[in-house]
Amino acid sequence: MTVDTWSETEAFLSGLLCAPDPDLVRALEVSEQADLPVINVSALQGKQISLLARVAGARRILEVGSLGGYSALWLAKTLPPGGRMVTIENNPVHAAVATGNLKAAGLDDRVEVRVGNAAEQLARLAEEKAEPFDFFFIDADQHNNVTYFESCLRLGRSGSVIVFDNVVRSGEVRDLETANGAVRATQRVLELVSSSDRVDGVVFQTVGHRGHDGMLVIRMS
(Lines give C-alpha, C1' and ligand atoms only; values in the text may rest on other atoms or scores of the structure.)
Protein backbone atom coordinates (compact mmCIF):
# COMPACT_ATOMS: atom_id res chain seq x y z
CA MET A 1 0.00 0.00 0.00
CA THR A 2 1.23 3.49 -0.85
CA VAL A 3 0.37 7.03 0.22
CA ASP A 4 -1.20 7.47 -3.22
CA THR A 5 -3.57 4.59 -2.49
CA TRP A 6 -4.36 6.03 0.94
CA SER A 7 -5.05 9.46 -0.56
CA GLU A 8 -7.26 8.12 -3.33
CA THR A 9 -9.22 5.99 -0.86
CA GLU A 10 -9.61 8.94 1.49
CA ALA A 11 -10.92 11.09 -1.37
CA PHE A 12 -13.34 8.34 -2.41
CA LEU A 13 -14.72 7.93 1.12
CA SER A 14 -14.92 11.69 1.68
CA GLY A 15 -16.85 12.08 -1.54
CA LEU A 16 -19.38 9.48 -0.42
CA LEU A 17 -19.72 10.35 3.26
CA CYS A 18 -18.94 14.07 3.64
CA ALA A 19 -21.75 16.12 2.13
CA PRO A 20 -20.66 19.43 0.57
CA ASP A 21 -20.92 22.24 3.12
CA PRO A 22 -20.30 25.86 2.06
CA ASP A 23 -19.35 26.87 5.61
CA LEU A 24 -16.55 24.31 5.67
CA VAL A 25 -15.38 25.22 2.18
CA ARG A 26 -15.33 28.89 3.11
CA ALA A 27 -13.38 28.19 6.32
CA LEU A 28 -10.63 26.45 4.38
CA GLU A 29 -10.50 29.21 1.78
CA VAL A 30 -10.31 31.96 4.40
CA SER A 31 -7.64 30.05 6.32
CA GLU A 32 -5.58 29.71 3.14
CA GLN A 33 -5.94 33.42 2.38
CA ALA A 34 -4.74 34.18 5.91
CA ASP A 35 -1.69 31.94 5.37
CA LEU A 36 -2.61 29.64 8.24
CA PRO A 37 -0.66 26.35 8.33
CA VAL A 38 -2.47 23.51 6.58
CA ILE A 39 -2.68 21.25 9.62
CA ASN A 40 -6.44 21.11 10.13
CA VAL A 41 -8.23 17.78 10.23
CA SER A 42 -9.29 16.33 6.89
CA ALA A 43 -12.95 16.25 5.87
CA LEU A 44 -13.15 12.57 6.74
CA GLN A 45 -11.60 13.18 10.16
CA GLY A 46 -13.98 16.09 10.71
CA LYS A 47 -16.87 13.74 10.00
CA GLN A 48 -15.36 11.19 12.39
CA ILE A 49 -15.20 13.57 15.35
CA SER A 50 -18.62 15.05 14.60
CA LEU A 51 -20.14 11.58 14.54
CA LEU A 52 -18.40 10.67 17.80
CA ALA A 53 -19.86 13.83 19.36
CA ARG A 54 -23.32 12.85 18.14
CA VAL A 55 -22.96 9.32 19.47
CA ALA A 56 -21.91 10.78 22.83
CA GLY A 57 -25.01 12.99 22.80
CA ALA A 58 -22.78 15.98 23.45
CA ARG A 59 -24.48 19.19 24.55
CA ARG A 60 -21.25 20.81 25.75
CA ILE A 61 -18.04 20.52 23.73
CA LEU A 62 -14.53 21.73 24.51
CA GLU A 63 -11.82 21.97 21.86
CA VAL A 64 -8.14 22.73 22.41
CA GLY A 65 -6.55 24.06 19.22
CA SER A 66 -8.94 26.11 17.07
CA LEU A 67 -6.61 27.00 14.19
CA GLY A 68 -9.02 28.50 11.61
CA GLY A 69 -12.15 26.98 13.08
CA TYR A 70 -12.55 24.09 10.62
CA SER A 71 -12.87 21.34 13.23
CA ALA A 72 -14.88 23.68 15.45
CA LEU A 73 -17.41 24.04 12.63
CA TRP A 74 -17.71 20.27 12.30
CA LEU A 75 -18.33 19.95 16.04
CA ALA A 76 -20.55 23.01 16.54
CA LYS A 77 -22.89 21.80 13.81
CA THR A 78 -23.64 18.71 15.94
CA LEU A 79 -24.85 20.72 18.93
CA PRO A 80 -28.53 20.39 19.82
CA PRO A 81 -30.65 23.46 20.64
CA GLY A 82 -29.17 25.11 23.71
CA GLY A 83 -25.83 23.37 23.24
CA ARG A 84 -22.59 25.25 23.82
CA MET A 85 -18.96 24.93 22.76
CA VAL A 86 -15.70 26.45 23.92
CA THR A 87 -12.65 26.40 21.65
CA ILE A 88 -9.22 27.54 22.83
CA GLU A 89 -6.52 29.02 20.59
CA ASN A 90 -3.18 30.46 21.67
CA ASN A 91 -2.43 32.36 18.44
CA PRO A 92 -4.48 35.60 18.21
CA VAL A 93 -4.35 35.60 14.40
CA HIS A 94 -5.64 32.05 14.20
CA ALA A 95 -8.31 32.84 16.79
CA ALA A 96 -9.50 35.82 14.75
CA VAL A 97 -9.83 33.65 11.65
CA ALA A 98 -11.73 31.00 13.63
CA THR A 99 -14.04 33.64 15.09
CA GLY A 100 -14.76 35.02 11.63
CA ASN A 101 -15.48 31.61 10.17
CA LEU A 102 -17.83 30.71 13.02
CA LYS A 103 -19.63 34.04 12.66
CA ALA A 104 -19.99 33.59 8.89
CA ALA A 105 -21.60 30.20 9.55
CA GLY A 106 -24.01 31.69 12.08
CA LEU A 107 -22.54 29.64 14.92
CA ASP A 108 -20.89 32.37 16.97
CA ASP A 109 -23.92 32.45 19.30
CA ARG A 110 -23.10 28.96 20.56
CA VAL A 111 -19.29 28.87 20.31
CA GLU A 112 -16.95 30.86 22.55
CA VAL A 113 -13.41 31.34 21.22
CA ARG A 114 -10.99 31.78 24.12
CA VAL A 115 -7.60 33.23 23.27
CA GLY A 116 -4.58 32.33 25.35
CA ASN A 117 -2.41 29.55 26.69
CA ALA A 118 -4.52 26.39 26.69
CA ALA A 119 -3.30 25.07 30.05
CA GLU A 120 -4.12 28.41 31.66
CA GLN A 121 -7.52 28.61 29.97
CA LEU A 122 -8.38 25.07 31.09
CA ALA A 123 -7.39 25.92 34.66
CA ARG A 124 -9.57 29.03 34.46
CA LEU A 125 -12.56 26.97 33.33
CA ALA A 126 -12.04 24.72 36.35
CA GLU A 127 -11.83 27.78 38.63
CA GLU A 128 -15.04 29.09 37.08
CA LYS A 129 -16.68 25.77 37.95
CA ALA A 130 -17.81 25.37 34.36
CA GLU A 131 -20.62 22.93 33.74
CA PRO A 132 -19.07 19.55 32.79
CA PHE A 133 -18.28 19.03 29.14
CA ASP A 134 -19.55 15.95 27.30
CA PHE A 135 -16.97 15.87 24.51
CA PHE A 136 -13.37 17.05 24.20
CA PHE A 137 -11.25 17.35 21.07
CA ILE A 138 -7.55 17.94 21.70
CA ASP A 139 -5.57 19.01 18.64
CA ALA A 140 -2.84 21.31 19.94
CA ASP A 141 0.78 21.27 21.11
CA GLN A 142 1.32 17.68 22.08
CA HIS A 143 4.05 18.43 24.59
CA ASN A 144 1.22 19.39 26.95
CA ASN A 145 -0.97 16.35 26.32
CA VAL A 146 -0.65 15.11 29.90
CA THR A 147 -1.86 18.48 31.22
CA TYR A 148 -4.72 18.45 28.73
CA PHE A 149 -5.70 14.92 29.72
CA GLU A 150 -5.73 15.74 33.43
CA SER A 151 -7.74 18.91 32.72
CA CYS A 152 -10.32 16.94 30.74
CA LEU A 153 -10.78 14.59 33.68
CA ARG A 154 -11.50 17.59 35.92
CA LEU A 155 -13.83 19.23 33.42
CA GLY A 156 -15.71 16.12 32.29
CA ARG A 157 -18.18 13.68 33.80
CA SER A 158 -18.97 9.99 33.69
CA GLY A 159 -19.61 9.18 30.03
CA SER A 160 -17.65 12.12 28.63
CA VAL A 161 -15.57 11.36 25.53
CA ILE A 162 -12.04 12.71 25.02
CA VAL A 163 -10.36 12.57 21.60
CA PHE A 164 -6.66 13.29 21.05
CA ASP A 165 -5.55 13.79 17.46
CA ASN A 166 -2.15 12.91 15.96
CA VAL A 167 -1.15 10.22 18.44
CA VAL A 168 0.48 7.70 16.05
CA ARG A 169 2.75 9.99 14.01
CA SER A 170 3.81 7.44 11.38
CA GLY A 171 4.37 4.83 14.09
CA GLU A 172 6.75 6.96 16.16
CA VAL A 173 4.50 6.40 19.17
CA ARG A 174 5.92 2.87 19.52
CA ASP A 175 9.50 4.15 19.91
CA LEU A 176 10.16 4.04 23.64
CA GLU A 177 13.61 5.58 23.12
CA THR A 178 12.36 8.65 21.25
CA ALA A 179 13.76 12.04 22.16
CA ASN A 180 10.63 13.76 20.82
CA GLY A 181 8.91 15.44 23.77
CA ALA A 182 5.55 15.50 22.02
CA VAL A 183 5.63 11.76 21.44
CA ARG A 184 6.78 11.12 25.00
CA ALA A 185 3.83 13.11 26.31
CA THR A 186 1.43 11.09 24.17
CA GLN A 187 3.03 7.85 25.37
CA ARG A 188 2.48 9.02 28.95
CA VAL A 189 -1.20 9.69 28.26
CA LEU A 190 -1.53 6.19 26.81
CA GLU A 191 0.11 4.78 29.95
CA LEU A 192 -2.29 6.74 32.16
CA VAL A 193 -5.28 5.51 30.17
CA SER A 194 -4.13 1.91 30.33
CA SER A 195 -3.56 2.02 34.10
CA SER A 196 -6.60 4.04 35.20
CA ASP A 197 -9.97 2.70 36.29
CA ARG A 198 -11.48 6.13 35.58
CA VAL A 199 -11.23 5.82 31.81
CA ASP A 200 -11.12 3.36 28.94
CA GLY A 201 -9.64 4.10 25.54
CA VAL A 202 -8.51 2.88 22.16
CA VAL A 203 -6.50 4.27 19.25
CA PHE A 204 -8.05 4.37 15.79
CA GLN A 205 -5.21 4.44 13.27
CA THR A 206 -5.77 6.58 10.19
CA VAL A 207 -4.15 6.81 6.78
CA GLY A 208 -4.67 9.36 4.03
CA HIS A 209 -3.01 12.13 2.08
CA ARG A 210 -1.00 13.12 5.15
CA GLY A 211 0.28 9.63 5.80
CA HIS A 212 -0.11 7.38 8.84
CA ASP A 213 -1.53 8.72 12.09
CA GLY A 214 -4.41 8.12 14.48
CA MET A 215 -6.80 9.35 17.16
CA LEU A 216 -6.97 8.25 20.78
CA VAL A 217 -10.61 7.96 21.85
CA ILE A 218 -11.26 7.84 25.60
CA ARG A 219 -14.48 7.40 27.58
CA MET A 220 -14.66 8.49 31.20
CA SER A 221 -16.14 5.88 33.54
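Keep in mind it's a predicted model, so treat the numbers as computed, not measured.

1. Overview of the pairing of strand β6 (residues 199-208)
Then comes step 1: Where β6 lies against strand β7 (residues 211-220), 10 bridges are found, and the strand directions are antiparallel. Looking at β7, one finds that G201 is bridged to I218.
Then comes step 2: The loop that links β6 with its antiparallel partner β7 comprises two residues.

2. Focus on the pairing of β7
Then comes step 1: Buried residues dominate β7, accounting for eight of its 10 residues.
Then comes step 2: The pairing of strand β5 (residues 161-164) with β7 spans four bridges and is classified as antiparallel. Looking across to β7, one finds that V161 is bridged to R219.

3. Overview of the packing of helix α1 (residues 3-17) against helix α3 (residues 43-55)
Then comes step 1: Direction vectors running N to C along α1 and α3 enclose 50 degrees, while the axes themselves pass 9 Å from each other. Here α1 is positioned oblique relative to α3, judged by the angle of their axes. Crossing hand, α1 versus α3: left-handed. Taken together, the residues of α3 that come into contact with α1 (itself represented by E10, L13, S14 and L17) are A43, L44 and K47.
Then comes step 2: Looking at the contact of α1 with α3 residue by residue, the class counts come to four nonpolar, one polar and two charged.

4. Here's the deal with the packing of helix α6 (residues 118-127) against helix α7 (residues 145-155)
Then comes step 1: Remark: α6 packs on α7, axes separated minimally by 10 Å, with the N-to-C direction vectors making an angle of 15 degrees. With respect to their mutual orientation, α6 and α7 come out roughly parallel. Between α6 and α7 lies a crossing of left-handed hand. Seen from α6, the contacting residues are A118, A119, L122, L125 and A126; seen from α7, they are T147, Y148, S151 and L155.
Then comes step 2: The residue inventory of the contact of α6 with α7, partitioned by class, reads seven nonpolar, two polar and no charged.

5. Focus on the nonpolar core
Then comes step 1: Counting 27 residues, the largest nonpolar core has I61, L73, L75, M85, F135, F137 and V163 as the members making the most contacts within it.
Then comes step 2: Counting residues per element, the ones that place at least two in this core are α2 (22-33), α3, α4 (70-76), β4 (135-138), β5 and β7.
Then comes step 3: Of all the elements, α4 adds the most residues to this core, at six residues.
Then comes step 4: Leave out the neighbours within four places in its chain, and F135 touches I49, L52, A53, A58, R60, I61, L62, L75, V161 and V163.
Then comes step 5: By size, the runner-up hydrophobic cluster in this structure holds 26 residues, among which are F133, F136, L153 and V168.

The rules behind these values
Residues numbered from 1 in each chain as written. Predicted model: local features only at pLDDT ≥ 70, side-chain atom pairs only at ≥ 80, totals over all residues. Heavy atoms only, no water. Pairing = 2+ DSSP bridges. Helix = DSSP H or I, 4+ residues; strand = E, 2+ residues; numbered from the N terminus. Buried < 20%, exposed > 50% of the residue type's maximum accessible area, 1.4 Å probe, protein only. Axes fitted to C-alpha atoms, helices over the stretch in contact; angles between N-to-C directions. Parallel < 35°, antiparallel > 145°, perpendicular 65-115°, else oblique. Left-handed = near helix turned anticlockwise from the far one by under 90°. Contact = heavy atoms within 4.5 Å. Nonpolar A, V, L, I, M, F, W, Y, C, P; charged D, E, K, R; others polar. Core = buried A, V, L, I, M, F, W, Y, C linked by side-chain atoms within 4.5 Å.

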